[in-house]
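Architecture at a glance
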Amino acid sequence: MFFITNTRATANLERTVLKQSGAVLVNVTSSRWGKTGANGGDFTLNTKKQALTGKILANNISKVKLALTDGSSWRGSLNEDNQADSASIAR
């Protein structure tokens, strides 16, 4: 659903219906854009009254934060391969 690379980004969701294909909700990683080794991403997903499902991934030069507020819920895994530079959930 969200693919973040070589940038800092924030998404704010409130009562949004997401129709994703596959199991990955967020992938924050380096890719072909930017300087190799410095082209990871930094992504914050803020939610309000939101239901989410899926994996949240980040590679070793990327950061990801999920903020669940106002009754938001999420089912999935965070940093399951233990690769992220930083991965967190705030409630």
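Scroll up for the structure.
Conventions used here
- Residues numbered from 1 in each chain as written.
- Predicted model: local features only at pLDDT ≥ 70, side-chain atom pairs only at ≥ 80, totals over all residues.
- Heavy atoms only, no water.
- Phe/Tyr/Trp six-rings, centres within 6.5 Å; stacked < 30°, edge-to-face > 60°.
- Helix = DSSP H or I, 4+ residues; strand = E, 2+ residues; numbered from the N terminus.
- Buried < 20%, exposed > 50% of the residue type's maximum accessible area, 1.4 Å probe, protein only.
- Polar contact = N/O pair within 3.5 Å; in protein donor to acceptor, adjacent residues only side chain to side chain.
- Contact = heavy atoms within 4.5 Å.
- Core = buried A, V, L, I, M, F, W, Y, C linked by side-chain atoms within 4.5 Å.

What to know about the packing of aromatic side chains
Applying the stated criterion to the full structure yields one aromatic pair. An angle of 35° between the planes, with centres 5.5 Å apart, marks the rings of F2 and F43 as tilted. Remark: F43 occurs in strand β4 (residues 42-48) and F2 occurs in strand β1 (residues 2-4); sequence separation between them is 41 residues. For the pair formed by F2 and F43, the shared burial category is buried.

Structural notes on the environment of R8
Among the structural elements, R8 can be located in strand β2 (residues 8-14). Judged by its relative accessible area of 69%, R8 is exposed. In this structure the C-alpha to C-alpha distance between R8 and G40, which are 32 residues apart in sequence, comes to 8.9 Å.

Looking at the side chain of T5
Looking at the secondary structure, you find T5 in the loop between β1 and β2. Here T5 falls in the buried class, since its relative accessible area comes to 12%. Within polar-contact distance, the side chain of T5 engages the backbone oxygen of T29 at 2.8 Å. In this structure the side chain of T5 is engaged in a polar contact, spanning 3.2 Å, whose partner is the backbone nitrogen of S31. Discounting chain neighbours no more than four positions away, the residues touching T5 are T29, S30, S31, W33, N39 and G40.

With respect to the nonpolar core
Judged by nonpolar contacts, the single largest core of 17 residues is most densely connected at V26, F43 and L45. Mapped onto this core, the elements with two or more residues apiece are β1, β2, β3 (24-28), β4, β6 (55-58) and β7 (63-69). Beyond its immediate sequence surroundings of up to four residues, V26 is in contact with F2, F43, L45, K55, I56, L57 and V64.

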